[in-house]
Amino acid sequence: MSSLNHCIKFELDVKDENIVFKDYFYKSIKLQKHKIYEAELIQPACPFCGSLDLLHNGHLITNIHYPTANASLPVIIRLAKQRVKCRACERWSMAQSELVNKYCSISNASKLKVLSALTEDRSMTSIARENNISINTVQRVLGNCSHRFIDSYEYLPAHLAFDEFKGVDRQLHFICLDGDNHQVVQILRTRYKKTLLKYFGRFSPQARANVKTVTMDLNFYYQDIVRACFPNAQIVIDRFHMIQMLTRSFNSLRVQVMKTFDKRSRQYQLLKSPWKLYLKKFDELEKVHPHYNWHYKDCLTQAQVVTEGINTSTTLENSYNLMQSFIQAVETGNTHELKSLINCQDQIGTLMHKTILTFKHNLKAVLNGAKLPYSNGCLEGFNRKIKQIERTAFGYSNFTNLLTRIRLEENLYKEKESSSLLMVA
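Residues numbered from 1 in each chain as written. Predicted model: local features only at pLDDT ≥ 70, side-chain atom pairs only at ≥ 80, totals over all residues. Heavy atoms only, no water.

Some remarks on the overall build of the chain
Our working definition: Helix and strand assignments come from DSSP, with helices taken as H or I runs of at least 4 residues and strands as E runs of at least 2, each series counted from the N terminus. Throughout, radius of gyration means the C-alpha value; the globule benchmark is 2.2 Å times the number of residues raised to the power 0.38. We call a residue buried when its accessible area falls under 20% of the maximum for its residue type, exposed when it is over 50%, and partly exposed in between, using a 1.4 Å probe and counting protein chains only. Between two residues, a contact is recorded if the distance between any of their heavy atoms is within 4.5 Å. For every accessible area listed, the method is Shrake-Rupley and the probe measures 1.4 Å; residues are considered covered only by the protein chains on display.
Looking only at helices and strands, one finds 18 helices and 12 strands in the chain. The globule rule puts the C-alpha radius of gyration for 425 residues at 22 Å, and the 32 Å found for the chain is more than 25% above it. Each principal axis of the C-alpha distribution contributes one length, and for the chain these read about 100 × 55 × 35 Å. Out of the 425 residues belonging to the chain, those deemed buried represent 45%. Considering only residue pairs separated by 6 or more positions, the chain has 59% of its internal contacts joining residues 24 or more positions apart. Element-wise, carbon and sulfur atoms account for 51% of the exposed surface of the chain, whose accessible area totals about 22,800 Å².

Rendered as structure tokens:
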């Protein structure tokens with residue numbers, strides 16, 4: 001019996017000395033074959049006074065779900081917990097073990113396996129099926145992790161990045177990342193100005209003074225928040241959003257000019273079918289090998305197509321040259337060239353004129369975006385990861401569960417913290 005006990009403990013990796021395994025067998029439960037281990041949990045001493053003079057009064061049988069490598073053969077430990085009465089202090093108690101929490105039938109090893117699976121891009125249904133437990137159990141394990149992510153109002157990184165993403169009920173949630181190590185600083189349920197001012201207002205003046213730059217898009221009230229909360233911070237407009245606004249403005253102008261020509265004309269076909277070429281950098285266009293295109297019935301290089309297309313309108317040509325020069329100035333960090341382009345007086349499209357006027361109103365932040373190395377690229381990548389989390393789960397209806405899952409998949413979960421977490425669960 002002793003050798004059998006040691007073998008089963010070694011197989012199941014059970015280290016509690018108070019558990020004694022006696023036998024094992026197979027049994028069909030709900031048309032599924034289960035492997036059942038019978039064991040007894042001994043109470044060696046009184047947990048209140050430590051006395052060894054105990055009066056035994058039967059057992060409480062608990063069927064404990066235990067993890068297994070073969071999901072088709074679930075493992076159950078039928079544990080008989082001793083009930084005892086201490087003759088010294090006359091208090092009743094029941095044997096307890098680290099194998100499972102009190103009043104629980106799911107082993108801590110199963111919870112740890114579930115918690116480890118929650119750090120991966122997997123649905124709760126697949127995790128529950130693999131561990132032979134219910135989806136509600138997986139949700140409870142996820143809910144018990146939420147208390148780990150407690151906000152700290154003592155420190156803020158020197159470089160922050162602001163943005164938002166769509167989450168619960170298609171609402172926009174605010175997200176803030178550290179611009180250096182790309183770790184999440186905070187995710188808030190709403191992105192309202194009042195909410196953000198209240199959150200950042202909880203930090204000490206020293207912590208807010210530590211912030212040097214805040215990278216963002218051209219959201220107007222984000223800049224008001226930075227000026228109100230971070231006295232030493234420079235506002236940095238993300239380079240991607242600046243170029244995106246320009247290319248969208250030019251693309252709208254291209255469509256307007258294209259519609260002024262007959263659909264069967266050469267000018268219309270030059271502006272319509274190769275529309276992607278107009279959004280590329282001119283230096284990357286093919287200038288040597290021409291290709292035949294059946295739309296405009298001619299053999300031209302990519303550079304010739306773009307040149308002939310923009311020559312159909314002076315406004316379109318000026319807008320294209322401005323866009324190309326702006327992109328090059330942003331990539332090279334040439335703030336002098338960028339400033340002169342923003343203040344140019346050439347005839348350009350109406351929408352592009354509004355875009356340039358927006359850049360002019362935020363001139364210092366735009367120049368910081370070209371001069372400084374910080375951007376919202378890390379934030380856009382993280383938002384893509386959040387979309388994948390929501391897609392795998394077919395959406396979330398609980399913001400706390402979404403936030404906890406994001407934090408877990410952020411690779412902040414540590415194995416050494418798991419034991420203390422599961423004991424609280």
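Some thoughts on the environment of Ala-329
Locating Ala-329 in the fold gives a position in helix H12 (residues 314-332). In this structure Ala-329 comes out as buried when scored by relative accessible area, which is 2%. Residues Ala-329 and Thr-260, 69 residues apart in the sequence, show an inter-C-alpha distance of 32 Å. Excluding anything up to four places from it in sequence, Ala-329 contacts Asn-334, Glu-337, Leu-338 and Leu-341.

Re the packing of aromatic side chains
Using the following cut-off: For Phe, Tyr and Trp, where Trp contributes only its six-membered ring, two rings pair if their centres lie within 6.5 Å, and the inter-plane angle classes them as stacked under 30 degrees, edge-to-face over 60, or tilted in between. Lysine and arginine charges are scored as sitting over a ring when NZ or CZ, respectively, is within 6 Å of the ring centre and within 35 degrees of the ring normal.
One pass over the full model with this rule turns up 18 aromatic pairs. Ring geometry for Phe-162 versus Phe-174: centroids 5.1 Å apart, planes at 75°, classification edge-to-face. You can see Phe-162 sitting in strand E6 (residues 159-166) and its partner Phe-174 sitting in strand E7 (residues 172-178), a full 12 residues away along the chain. For the pair Phe-162 and Phe-174, a shared accessibility class is recorded, and that class is buried. Considering the side-chain rings of Tyr-199 and Phe-200, the 5.0 Å spacing of their centres and the 70° angle between planes classify their relative orientation as edge-to-face. Cation over ring: Arg-91 sits above Phe-48, and NZ or CZ is 3.8 Å from the ring centre. Residue placement shows Lys-287 over the ring face of Phe-282; its charged tip is 4.9 Å from the ring centre.

Overview of the packing of helix H5 (residues 193-201) against helix H7 (residues 220-229)
Rule in force here: Axis definition: a line fitted to C-alpha atoms, over the contacting stretch in the case of helices. Angles run 0 to 180 degrees between N-to-C directions. Just so you know how the angles are binned, under 35 degrees is roughly parallel, over 145 roughly antiparallel, 65 to 115 roughly perpendicular, and the rest oblique. Helix crossings are classified by the rotation of the near helix relative to the far one: an anticlockwise turn of less than a right angle makes the crossing left-handed, while a clockwise turn makes it right-handed.
Two elements in contact, H5 and H7, have axes separated by 10 Å at closest approach and are oriented at 25°. Judged on the interaxial angle alone, H7 and H5 are roughly parallel. The way H5 lies across H7 gives a crossing that is right-handed. Every residue of H7 that contacts H5 at Lys-193, Leu-196, Leu-197 and Phe-200 is listed here: Tyr-221, Tyr-222, Asp-224, Ile-225, Ala-228 and Cys-229.

Remarks on the pairing of E6
Threshold: Any two strands with at least two DSSP bridges between them are considered paired.
Across the eight residues that make up E6, a large majority, seven, are buried. Summarising the sheet, E6 and strand E9 (residues 213-216) pair through three bridges and their orientation is parallel. Residue pairing across strands places His-159 opposite Thr-213, the latter belonging to E9. The pairing of E6 with E7 spans seven bridges and is antiparallel. For Phe-162, the partnering residue across the bridge sits in E7 and is Cys-176. Counted between consecutive antiparallel strands, the loop separating E6 from E7 contains five residues, among which Asp-169 sits at a positive phi close to 55°.

Points about the packing of helix H11 (residues 302-310) against H12
Interaxial distance between H11 and H12 falls to 8 Å at its minimum, and their mutual angle equals 130°. Taken together, the axes of H11 and H12 lie oblique to each other. From H11, Val-306, Gly-309 and Ile-310 reach across to H12, where they touch Leu-316, Glu-317 and Tyr-320.

Overview of the nonpolar core
Selection rule: Put simply, buried Ala, Val, Leu, Ile, Met, Phe, Trp, Tyr and Cys residues joined by side-chain atoms within 4.5 Å make one nonpolar core.
If you look at the biggest cluster of nonpolar residues, it comprises 62 residues, and the most contacted ones within it are Phe-162, Phe-200, Val-214, Phe-230 and Phe-326. Among the elements that line this core, the one with the most residues is H12, at eight residues. Ignoring anything within four residues of it in the chain, the contact list for Val-214 reads Leu-160, Phe-162, Val-226, Phe-230, Ala-233, Gln-234, Ile-235 and Val-236. Formed by 31 residues, the second largest nonpolar core is a distinct cluster that contains Leu-79, Ala-117, Ile-133 and Val-141.

By themselves these figures say nothing about function.
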